[in-house]
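Summary of structural features
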Amino acid sequence: MKKGDISEGIIERVDFPNKGRVHTEEGTVTVKNGIPGQKVRFQINKKRKNQMEGRLLEVLEKSPLEKRDPVCSIFPQCGGCMYQTMQYEDQLEMKANQVRSLLDAAIAGAGQTDEEGRPDYLFEGIKGSPKEFAYRNKMEFSFGDEYKDGPLSLGLHKKGSTYDVLTAADCKIVHSDMTEILKCVLAYFQKIEREELQSGEVTIQTAAKGSLYYHKMSHEGWLRHLLLRRAETTGEILMNLVTTSQREYDLMPLVDQILALPLEGTIVGILHIINDSVADVVRSDETRILYGQDYFYETILGLRFKITPFSFFQTNSLGAEVLYSTARDYIGDTKDMTVFDLYSGTGTIAQILASVAKEVIGVEIVEEAVEAAKENAALNGLSNCSFLAGDVLKVLDKVSEKPDFIVLDPPRDGIHPKALPKIIAYGVDRMVYISCKPTSLARDLDVLIRSGYRVEKACCVDMFCSTVHVETVCCLHRVNS
């Protein structure tokens, strides 16, 4: 079997995050974006020694796990909800098995085993999201076209494509308020596109070069993203239209149309964000408030949080309550303790712990998130929380306080290898690690165990139903502490 060859096989299992394993006579081929039990046709696109990777071409036979019909019109072309045809219970079981396999290997590999050589810790399974659908409180939709030089689209990228964008008019992981806004925004700009073509102001050829939506290759065009945020508990909605500065349009007619929509929630702000970065990221060089305000409020476990367009906040509010309740149970009694909340985001965990700790110090690299955390602490009447802006790697050298307990909630890539020894050097008796990428967690646990810590227990919390992602909470204690 060589690069370019086409073959068929059964996906026998899927390892985190979406690595399907197909066994062939010549070895195992990794084929992404499949479901266990599917018979697939794939093309070999990488081969190194005994490792082979294949690109999924076609699903020839459904998996026995696919017990229900797709819930949206762009499945399976969309790269988002890969597992929506699986029953939710089967999704949970698969994710729990994926994480347990990673943790077992890391923990046993670091030497934490029982007398029979098995990983010696308690795996407590997985907790599901309170809502399987309409759970996301934030969505970044992209402008583009579904095929080269096609009409304007607004939605999510096609699976395996950097450029093709599928209109997500019936996306089921967001509230219907978001899809109603998406349809309104898309129709507004499709009308402008048609009028410009009919008037001769632009031609198909110049439009293809990016006169209306931003083209990543040429860096030409105007429309980039529609960033929507909607609070689960308050129903407040913040709409953010992200464009370049290459053109100017009167957006007030669009604002009037958005405000006239019969939504279940309430629009509290409509923003026009200018982003001229060549990178495909949602950021702001300038923010113009077209209506209302540039923030909204959400409530988690009885605490109120002010959230701005780029504030980090868990995308599943009800799932976040499950996650943070689990973390709080794992943390236990922190009375009279100084707690470090490293990678603290908008300070959610810090504020949840503040009422049962002497002092909580949060460290977060995103300055906007730190300012939001300070505001939120004041909003909730908490005086024993403080937040520092900066990289954990550097900030720890400047903090004079010593922690009694550490909470770790790093980004997907985990803890910086140079920051981990500094964290370990504090020698705290116990810590809790919250991870959104179990492969990063497994890597860091290996270091922590070899440095004198022991994993007591771990569990998963599914915050991202129908997708490949999952959160993991891990409780550790220092050996001989």
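What comes next is a walk through the structure.

Rules and cut-offs
Residues numbered from 1 in each chain as written. Predicted model: local features only at pLDDT ≥ 70, side-chain atom pairs only at ≥ 80, totals over all residues. Heavy atoms only, no water. Helix = DSSP H or I, 4+ residues; strand = E, 2+ residues; numbered from the N terminus. Buried < 20%, exposed > 50% of the residue type's maximum accessible area, 1.4 Å probe, protein only. Pairing = 2+ DSSP bridges. Axes fitted to C-alpha atoms, helices over the stretch in contact; angles between N-to-C directions. Contact = heavy atoms within 4.5 Å. Salt bridge = Lys/Arg side-chain N within 4 Å of Asp/Glu carboxyl O.

1. A look at the side chain of Asn 240
Structurally, Asn 240 can be placed in strand 11 (residues 236-243). Classification of Asn 240 by relative accessible area gives buried; the value is 0%.

2. As for the sheet that holds strand 17 (residues 359-364)
Within a sheet, adjacent strands bond to each other through the backbone by hydrogen bonds, running parallel or antiparallel. The strand order across the open sheet built from eight strands is 6-21-22-20-19-16-17-18, with neighbouring strands paired in mixed fashion. Only two strands of the sheet have a single partner each, and these edge strands are strand 6 (122-127) and strand 18 (385-389). Each neighbouring strand pair of the sheet contributes to a mean axis angle of 15°, computed without reference to strand direction. Direction of pairing for strand 17 relative to strand 18: parallel, over a ladder of five bridges. In the strand pairing of strand 18, Gly 362 is matched with Phe 387. Along the sheet, helix 5 (residues 317-331) contacts strand 6, strand 19 (405-408), strand 20 (430-435), strand 21 (453-461) and strand 22 (471-478); its crossing angle with strand 21, the most-contacted strand, is approximately 160°.

3. Brief notes about the pattern of salt bridges
Applying the stated rule across the entire model yields 29 salt bridges. The shortest N-O distance in the salt bridge between Lys 47 and Glu 26 comes to 4.0 Å. Here Lys 47, found in strand 4 (residues 39-48), pairs with Glu 26, found in the loop between strand 2 (19-24) and strand 3 (27-32); they are 21 residues apart in sequence, far enough to count as distant. Looking at Lys 47, the relative accessible area reads 39%, which means it is partly exposed. Its relative accessible area of 48% is what places Glu 26 among the partly exposed residues. Among the salt bridges present, the one from Arg 443 reaches Asp 444, with a minimum N-O distance of 3.1 Å. Of the residues examined, Arg 443 reaches a relative accessible area of 40% and is grouped as partly exposed. Residues joined in a network through salt bridges with shared partners are Glu 8, Arg 41 and Glu 58.

Just distances and angles here, no functional claims.
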